[in-house]
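What follows is the residue order along each chain.
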Amino acid sequence: MEPRSGCPINAAVEVLGDRWSLLVLRDVIFGDRRHFRALLTGSIEGIASNILADRLVRLVEAGILTRGTAARGQRARYSLTEAGIQTLPVIAALGNWGLDWQPGSEELRIRQRVMREGGPAFIDELMDELRTRHLDAPAAPTVGPGPLERLDAAFAAATASQNGSEQQAPTRQERH
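The rules behind these values
- Every residue gets a number counted from 1 within its own chain, in the order that chain's sequence is written.
- A pLDDT threshold of at least 70 governs which residues receive local features in this predicted model, and a stricter bar of 80 or more applies before side-chain atom pairs are shown or counted, although totals over entire chains, interfaces and linings include all residues.
- Excluded from the side-chain calculations are hydrogens and water; all other atoms, namely the structure's heavy atoms, are used.
- Fitted lines through C-alpha atoms give the axes, limited to the stretch in contact for helices. The angle between two N-to-C directions lies from 0 to 180 degrees.
- The numbering of helices and of strands both runs from the N terminus, where a helix is a DSSP run of H or I of at least 4 residues and a strand a run of E of at least 2.
- Angles are sorted into four bins: roughly parallel if under 35 degrees, roughly antiparallel if over 145, roughly perpendicular if 65 to 115, and oblique for all others.
- Contact definition: two residues touch when any of their heavy atoms are within 4.5 Å.
- Gly counts as polar in this scheme, as do all residues outside two lists: the nonpolar Ala, Val, Leu, Ile, Met, Phe, Trp, Tyr, Cys and Pro, and the charged Asp, Glu, Lys and Arg.
- Each salt bridge in this description consists of a side-chain nitrogen of Lys or Arg and a carboxyl oxygen of Asp or Glu lying within 4 Å of one another.
- Using a 1.4 Å probe on the protein chains alone, a residue whose accessible area is under 20% of its type maximum counts as buried, one over 50% counts as exposed, and one in between counts as partly exposed.
- Multiply 1.5 Å by the residue count of a helix minus one, and that product is the helix's expected span.
- Note: the arc covers the axis-to-C-beta directions of the helix.
- Polar contact is defined as a pair of N or O atoms within 3.5 Å, subject to the rule that within protein one atom must be able to donate a hydrogen and the other to accept it, and that residues adjacent in sequence are counted only when both atoms are side-chain atoms.
- Each Phe, Tyr or Trp ring, with Trp reduced to its six-membered ring, pairs with another whose centre is within 6.5 Å; inter-plane angles below 30 degrees give stacked pairs, above 60 give edge-to-face pairs, and intermediate values give tilted ones.
- Cation placement over rings: the criterion is NZ of Lys or CZ of Arg within 6 Å of the ring centroid and within 35° of the ring normal.

Structural notes on the packing of helix H2 (residues 19-31) against helix H4 (residues 49-61)
Link 1 in the chain: Running from amino to carboxyl end, H2 crosses H4 at an angle of 80 degrees, the nearest separation of the two axes being 10 Å. The angle between H2 and H4 places the two elements in the roughly perpendicular class. Contacts between H2 and H4 involve Trp-20, Ser-21, Val-24 and Leu-25 from the former and Ile-51, Leu-52, Arg-55, Leu-56 and Leu-59 from the latter.
Link 2 in the chain: Across the contact of H2 with H4, the residue classes tally to seven nonpolar, one polar and one charged.

Okay, structure coming up:
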């Protein structure tokens, strides 16, 4: 599909500018959800199946994702292309803006904080890990856990901390 104008911002917005496309990419990148059912049931925002199907088709047509061929009875697997991997800095920038200007729960904000604190080197390392997972690129040598593992660990710790504080917080009756 040809963009409405030759402006690169317009062209990018036409592909990535709707809420659901970016959230599908978020779930593929950070949640490693690569099948339709996992994307549908794993969406905390509650994407409808027809919207998800439409966005997957659009992202494949735009060259952001590829759809693997599935034999009868098997699930198609979606993978990021290099263009899809290159959306990570854009998604990270949007997340940084959200950290600064929008409210949210600590456990859902922690991954963004880890990325922000890691800076461009973290984003580059994460992009390399995505290339390994999605494009079968050779794994870059690392010391310690990879970026996705660090993000997951931070989320798990924030969730455990949140659940612990909820369990330990006195009820209103106990305080009075």
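Further notes follow.
Observations concerning the pattern of salt bridges
Link 1 in the chain: As enumerated under the stated definition, the model contains 14 salt bridges in all.
Link 2 in the chain: One salt bridge in this structure joins Asp-54 and Arg-55, with 2.7 Å as the shortest N-O distance.
Link 3 in the chain: On the basis of relative accessible area, Asp-54 is assigned to the partly exposed category, the value being 30%.
Link 4 in the chain: Sharing partners across several salt bridges, the network here consists of Asp-18, Asp-54, Arg-55 and Arg-58.

Observations regarding the side chain of Glu-129
Link 1 in the chain: Mapping Glu-129 onto the fold places it in helix H7 (residues 106-135).
Link 2 in the chain: On the basis of relative accessible area, Glu-129 is assigned to the buried category, the value being 17%.
Link 3 in the chain: Setting aside its immediate chain neighbours within four residues, Glu-129 contacts Gly-146, Pro-147 and Leu-148.

Examining helix H6 (residues 88-101)
Link 1 in the chain: A rise of 1.5 Å per residue sets the reference length of H6, with its 14 residues, at 20 Å; its end C-alpha atoms lie 20 Å apart and thus fit the reference within 8%.
Link 2 in the chain: Regarding H6, the residues found buried are Leu-88, Ile-91, Ala-92, Gly-95, Gly-98 and Leu-99. Here the buried residues of H6 occupy an arc of 115 degrees about the axis, which is enough to place them on one side.
Link 3 in the chain: Buried residues belonging to H6 abut H2, helix H5 (82-85) and H7.

Here we look at the side chain of Ser-21
Link 1 in the chain: With respect to the helices and strands, Ser-21 occurs in helix H2.
Link 2 in the chain: Within the local environment of Ser-21, its side chain forms a polar contact with the side chain of Asp-18, the two groups lying 2.6 Å apart.

Comments concerning the packing of aromatic side chains
Link 1 in the chain: Taken as a whole and judged by the stated rule, the model has zero aromatic pairs.
Link 2 in the chain: The ring of Trp-20 carries the charged tip of Arg-19 above its face, separated from the ring centre by 4.5 Å.
Link 3 in the chain: The positively charged end of Arg-111 is found above the aromatic ring belonging to Phe-155, 4.1 Å away from the centroid.

These figures come from the coordinates and say nothing about function on their own.
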